[in-house]
Structure formats: structure tokens, C-alpha cells
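# Observations on chain architecture
Now for the letters of each chain:
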Amino acid sequence: MDETIFGRALTELRDVAAGSLAQAETGRLIVVSNRVAPIEEGQPTAGGLAAGVLDALQTMGGLWIGWSGEISAEGSRILPEKQKGKIRLQTLDFAEADYQQYYRGFANSALWPVLHYRSALARFSRSDYAGYRRVNELFANAVADALAPQDVVWAHDYHLLGLAAALREKGITNRLGIFLHTPFPAAAVFMTIPVHADLARALCQYDLIGFQTESDRRAFEDYVLREADGHLLPGRALMAFGRVVRTGVYPIGVQTEEIREQAEPPADCPQMARLHRSIGESKLIISVDRLDYSKGLNERFLAYERFLEQNESRRGSVTFLQIAPPSRSDVETYREIRLELEREAGRINGRFAELDWTPLRYLNKGFARQMLMPMYARADIGLVTPMRDGMNLVAKEFVAAQNPIDPGVLVLSQFAGAACELKAALLVNPHDPDEIAAALERALSMPLSERRERHAEMMAVLRRNSLTVWRDRFLGDLKGRA
Ligand SMILES: O=P(O)(O)OC[C@H]1O[C@H](O[C@H]2O[C@H](CO)[C@@H](O)[C@H](O)[C@H]2O)[C@H](O)[C@@H](O)[C@@H]1O
Ligand SMILES: O=c1ccn([C@@H]2O[C@H](COP(=O)(O)OP(=O)(O)O)[C@@H](O)[C@H]2O)c(=O)[nH]1
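For every chain, the first residue of the written sequence is number 1, and numbering continues from 1 along that sequence. Lettering of chains starts at A and numbering of ligands starts at 1, both following the order in which they are written. Local features are withheld for residues below a pLDDT of 70 in this predicted model, meaning they are given only at 70 or higher, and side-chain atom pairs are given and counted only at 80 or more; totals for whole chains, interfaces and linings count all residues. The basis for the side-chain values is all heavy atoms of the structure; hydrogens and waters are excluded.

### Observations concerning the site of ligand 1
- Whether a residue is near a molecule or strand is decided by its heavy atoms; if any one of them lies within 4 Å of it, the residue is near. Taken together, 21 residues sit near ligand 1, with Arg35, Tyr103, Asp157, His181 and Asp389 positioned nearest.
- Glutamine 212 is positioned with one of its side-chain polar atoms (N or O) 3.1 Å from an oxygen atom of ligand 1.
- Polar contact is defined as a pair of N or O atoms within 3.5 Å, subject to the rule that within protein one atom must be able to donate a hydrogen and the other to accept it, and that residues adjacent in sequence are counted only when both atoms are side-chain atoms. A distance of 2.4 Å is found between an oxygen atom of ligand 1 and a side-chain nitrogen or oxygen belonging to aspartate 389.
- All accessibility values rest on the Shrake-Rupley procedure with a 1.4 Å probe; residue burial counts only the protein chains present in the view. When ligand 1 sits alone it has 560 Å² of accessible area, and the protein chains cover 97% of it.
- Only α3 (48–60) and α4 (96–115) provide two or more residues apiece to the shell around ligand 1.
- The residue makeup of the shell around ligand 1, split by class, is 8 nonpolar, 8 polar and 5 charged.
- As used throughout, domain bounds are those supplied by an automatic or database domain assignment. Inspection of the shell around ligand 1 shows a minimum of three residues originating in each of domain 1 (3–253 + 467–478) and domain 2 (265–463). Helix and strand definitions follow DSSP, with helices as H or I runs of at least four residues and strands as E runs of at least two, each counted in order from the N terminus. Here the nonpolar group is Ala, Val, Leu, Ile, Met, Phe, Trp, Tyr, Cys and Pro; Asp, Glu, Lys and Arg are the charged ones; every other residue, Gly included, is treated as polar.

Dropping the structure here:
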């Protein structure tokens, strides 16, 4: 890099670090994400992003802009604001074509598989990408309408990689940050997206890009340095596409105290009574995942089958409860995995079930969080084995829901972002059914003292990296308080 560019970069970097702090501190927070939390209480949350952002915004308030979840015959449109506690919620309906090309198409058929290292499943089309850009502009219009000079914008996830670029084109100079909830893959994998350079240029219009783990951050940095002619600056900043962009690692967390409270339901809760009655004294293994190929459900079913094969004495006294609400059902790969799982669940039950024992209970529906937490608490094992996952909040919720006197054991994929923090879980390779089967047996026979030690170690990490810390660290850095 020549000295002039380096000098300019350093000056810009100093500006970012010093920040127009006074400005940002008085401005409002505008959060933008494709998915927002349901307005009505007690509904199942559609994934970790909505759950996490809702909790993070509930205490501090702000404007939250996102998709209503509706497709409108009247075309894409911005709806009137609603109030949800301290949060002002501004939602958008999508036109059918926008939904198809942006959400079902580019976001979930091209970006999602590649970000999860599954390029072979990716379906790319130029028209989907055009739709993706169009919807990013639509979101930018909604933000621009609401934006005051001192506001900061916090965008979330792979749906909005182009939001900052669309805002900058409108001349907007506010602080703009994005947090990526998914993994960021190795450069060679990211480059299988035909428009990777365009995406990287757009991403660099943000002032701050947040990642779940250091390896995700490094992968992005590596791509920018090697493929986008970027330069490294002090303090995890990069000079690329003529701008300074900062990067950081902010693992999303959970509210441990609230979860523990929810984990102890009222004694007369009818649904929990049903679960207790039907499980009886059986050991309970629980998994909770959106029905997504990244979650490793099929591989997990096979690992459980292996466990039953290898541990005859456990048959009849262990139940595996898999909760798997349908997700993105109009994307073909998601329809395929659903059929495959139904077949596998039927086959495994057909092979091992007895008159009074169903080894695998596969529920294709979602539950409200108030119901999930007591189920986690009742379980002896939380089995969380995604092939790749940005974080996986279920893993963290499972640990937080446990009774510290007699905690269950977490069996966790080494490829979930959560594995970087929950090192006291039994870490497994989700591609290896024998390793998962052995971990299940080890968890079931683990002495109480070891269970307590592992649980205490993980709780200490969860308390340290809470959801509030995630939010405050990201916003602090975005506003310039490095
Ligand atoms: O909005 P959907 O298409 O229905 O999908 C639900 C969400 O899935 C993904 O969640 C991610 O965020 C979690 C919280 O940070 C993280 O723990 C998990 O590993 C990620 O997969 C997706 O990234 C969200 O945008 C979706 O809303
Ligand atoms: O029936 C369900 C299934 C899941 N969840 C919640 O959805 C989130 C899933 O987040 P995670 O990070 O594990 O995965 P994602 O679905 O975001 O990929 C967690 O907070 C779960 O408690 C829920 O409320 N009801």
C-alpha cells in the first residue's frame, strides 16, 4: 500500500475509533433484520436471530424494521408502525416476486448453503440476485425514511449484505453495522458464489462487521486481504474498496436467569404433566432444531440408531425427543430433508420399538419458549449436532435451563459456533455416528460430580458472554468506543 493511502486509512481509522461519539450517543438505535419476533406473546420464535434481537432490544428500546412474514398481492410495501413494549416495530410486506427471488431464492437457496459450507446445494440465478438487491433497497428506503442524523443502524445477517451500500448510495453517512449470525466460510468456499466480489464490496460499506467466532472473522479478513486487494490496519480494521471497515467477534448469548426461571414451570402445567407421565423414569435425550439440513438431523438419527445397536441394556429405558419445526418449506432441499427424516424416524422406530416403548419421538412442530425451557430441564442429555451453525442458541439455552444440583449433559458439535465457548460440553464430530453414540453412553453414565463441574464451567462462560454483553459490545464498537 502506498504511503498516501496508508496515511488516509490511518486518519479514517482514528476518526472511526474516536467517533462522533457525542452524536452517536444521543442518536436512536435502528435495528434491521429480515425476521422479526412475533407480535403476540407465547408464539414459537422463528429462530435464534429473532429471539436474540427481541431480548436485546426489550430493555433498551429502539426501532426494529423487518419483514412482516406476509406476501402481499398489493406489492412490497411498508406497513404502519406497531409498539411491542419499548420496541417500535416497522414491518414490510413483500410482493410475491420479491419473496421468491430475495428470501427463497438468493438468501436461502444460494447464500445459506454456501455460508454453511454446502456449495453443492446452492442454486444461483442472476434474477434472484437482482431481487435480493431490490429488497435490500426496499429496506434501505424504510431506514432512510426513519433515519435522523445521529441514529445508528444495526443490520442483521446474510439477508442484508447490501443494505449499507443501498444507504450509502442515498448519501447516508450514519454509522452502519452488521452482525452475521451464520458462519462465514473459507475464502475458496465463499468464492463459489458468482457475485462474491459484489457482495464483499457491498459489505465493506458498513463501518463494523460482527461475527460469531474468531474463525468466521478470520475467514472474512482472509478473503478481503487475498481476493479484494485489502490491507490490514491496526485494531482489526481493514482498508478495502477505498473504505475503512472494522471487524469484531461478538458471540450471541442468552439471558441465563430468565431461562432458569422459565425452566421451573408451575406445578400444574398440563403439557409438562403429560410429558412427565409419558416419559416416566426413562432417560430423556432432547434435540430442538429448525428442520434444516445444516442442523445434522439425519446424521443424528443414524447416530442414535448406532447407540441403540451398541447399548442393548439401554433399550426400553431411554427416549430421544426431537422437536423440529418446519422451516423454509418452499425451498426444495428443505422439502427433501423432511421426507428423508420421516422415513428414517419410521424405520428406526420400526426396528427397535416395543409395545410399551417408542425410542424416537419426532415432533414436526414448534413450541413456545416457556414450554421448551422446562423440557430442557427435564432432559438428561441435550444433543446438539449441527454440521455447521453460526452459534446455536439451543445449546446455550439447554445449559442455562439445567438445575445446577443435578444437571444434564450437553453433547455438542464441534462445528457449532457455541463450541468455541462451551468447551466443557462433550464435543463431537457430527460426521461420526460412532463418536456421537459413545458420547451419549458417556453422558448417561457420567457421575454427578463431573456433571456439576462441567455445568458450572459452562454457566460461568454463559454469564460472562450474556446477551446484554453481546449487544453492548457491538453497539459500543459501532459507536466508536473500541
Ligand atoms: O428466518 P428463518 O428463515 O425462518 O430462519 C431462522 C433464523 O435462522 C438463522 O439463525 C441464526 O441465528 C442464530 C442466532 O444468532 C444462531 O444461533 C444460528 O446459528 C443461526 O443459524 C438465521 O441466521 C436467521 O437469520 C434466521 O432468522
Ligand atoms: O419450537 C421451537 C424451536 C426453537 N425455538 C427457539 O428458536 C431458537 C433457535 O435458535 P438457534 O440459534 O438454535 O438456531 P436457528 O434456528 O436460529 O438456526 C432458540 O432460541 C429456540 O429456543 C422456539 O422458540 N421454539
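Here the narrative resumes, following the displayed structure.
### Topic: the nonpolar core
- Core analysis: the largest hydrophobic core is formed by 96 residues, its most contacted members being Phe139, Leu163, Leu199, Tyr206 and Tyr304.
- Per element, the largest residue contribution to this core is 10 residues, and it comes from α4.
- For this core, the two domains that each supply at least three residues are domain 1 (3–253 + 467–478) and domain 2 (265–463).
- In this analysis, two residues are considered to be in contact whenever any of their non-hydrogen atoms come within 4.5 Å of each other. Not counting residues up to four positions away in its chain, the partners in contact with tyrosine 304 are Ile285, Val318, Thr319, Phe320, Trp357, Pro359, Leu360 and Leu440. Among buried residues, the Ala, Val, Leu, Ile, Met, Phe, Trp, Tyr and Cys ones that are joined through side-chain atoms within 4.5 Å form a nonpolar core. The buried label applies to any residue whose accessible area, calculated with a 1.4 Å probe on protein chains only, is under 20% of its type's maximum; exposed applies above 50%, and partly exposed to all values in between.

### A look at the packing of α4 against helix α5 (residues 126–146)
- Under this scheme, a helix contributes an axis fitted over its contacting stretch, all axes are lines through C-alpha atoms, and angles between N-to-C directions fall in the 0 to 180 degree range. Look at α4 against α5: their axes get within 8 Å of each other, and the N-to-C directions meet at 110°. Classified by the angle between their axes, α4 and α5 sit roughly perpendicular to one another. Helix-helix and strand crossings are classified by hand; for α4 and α5 the assignment is left-handed. Each of Ala97, Asp98, Gln100, Gln101, Tyr102, Gly105, Phe106 and Leu111 in α4 lies in contact with α5, whose residues at this interface are Ser127, Asp128, Tyr129, Gly131, Tyr132, Arg134, Val135, Asn136 and Phe139.
- Tallied by class, the residues present in the contact of α4 with α5 amount to 8 nonpolar, 6 polar and 3 charged. Roughly parallel covers angles under 35 degrees, roughly antiparallel covers those over 145, roughly perpendicular covers 65 to 115, and oblique covers all other angles. Crossing handedness is defined as follows: a turn of the near helix away from the far one that is anticlockwise and smaller than a right angle gives a left-handed crossing, while the clockwise case is right-handed.

### Overview of the pairing of strand β5 (residues 87–94)
- Burial of β5 is extensive: 7 of the 8 residues sit out of reach of the surface.
- Two elements, strand β2 (residues 62–71) and β5, share 7 bridges in a ladder whose sense is parallel. Its bridge partner lying in β5, tryptophan 64 is registered against leucine 89.
- Two elements, strand β3 (residues 77–78) and β5, share 2 bridges in a ladder whose sense is antiparallel. Residue isoleucine 78 lies in a different strand from β5, and its bridge partner there is leucine 92.
- Of the pairings in the sheet, the one linking strand β4 (residues 82–84) to β5 comprises 3 bridges and is antiparallel in character. Residue pairing in the sheet places glutamine 83 in a bridge with arginine 88 of β5.
- Here β4 hands over to β5 after 2 residues, with glycine 85 in that stretch at a positive phi of 60°. At least two DSSP bridges between two strands are needed for those strands to be called paired.

### Some words on unusual backbone geometry
- Backbone geometry places aspartate 157, a non-glycine residue, at a positive phi of 80°.
- Turning to its location among the elements, aspartate 157 is positioned in the loop between β6 (152–156) and α6 (163–169).
- Exposure remark for aspartate 157: the relative accessible area of 5% places this residue in the buried category.
- One non-glycine residue, aspartate 229, adopts positive backbone phi at about 55°.

### Digging into the layout of surface pockets
- The distinction between a cavity and a pocket rests on a 1 Å grid over the protein atoms alone: a 1.4 Å probe fits inside a cavity but cannot get out, while a pocket stays open yet meets protein on both sides within 12 Å along at least five of seven lines, and a residue with an atom within 4 Å of a point counts as lining. Grid points are joined across faces, edges and corners, and a volume is the space filled by probe spheres set on the points. Taken as a whole, the second largest pocket spans an internal volume of roughly 330 Å³.
- Along the walls of the second largest pocket sit 22 residues, with Ala377, Arg378, Ala379, Gln402 and Asp406 positioned nearest its centre.
- Sorting elements by how many residues they give to the lining of the second largest pocket places helix α14 (residues 369–378) first, with 3 residues.
- A per-class count over the lining of the second largest pocket returns 11 nonpolar, 4 polar and 7 charged.

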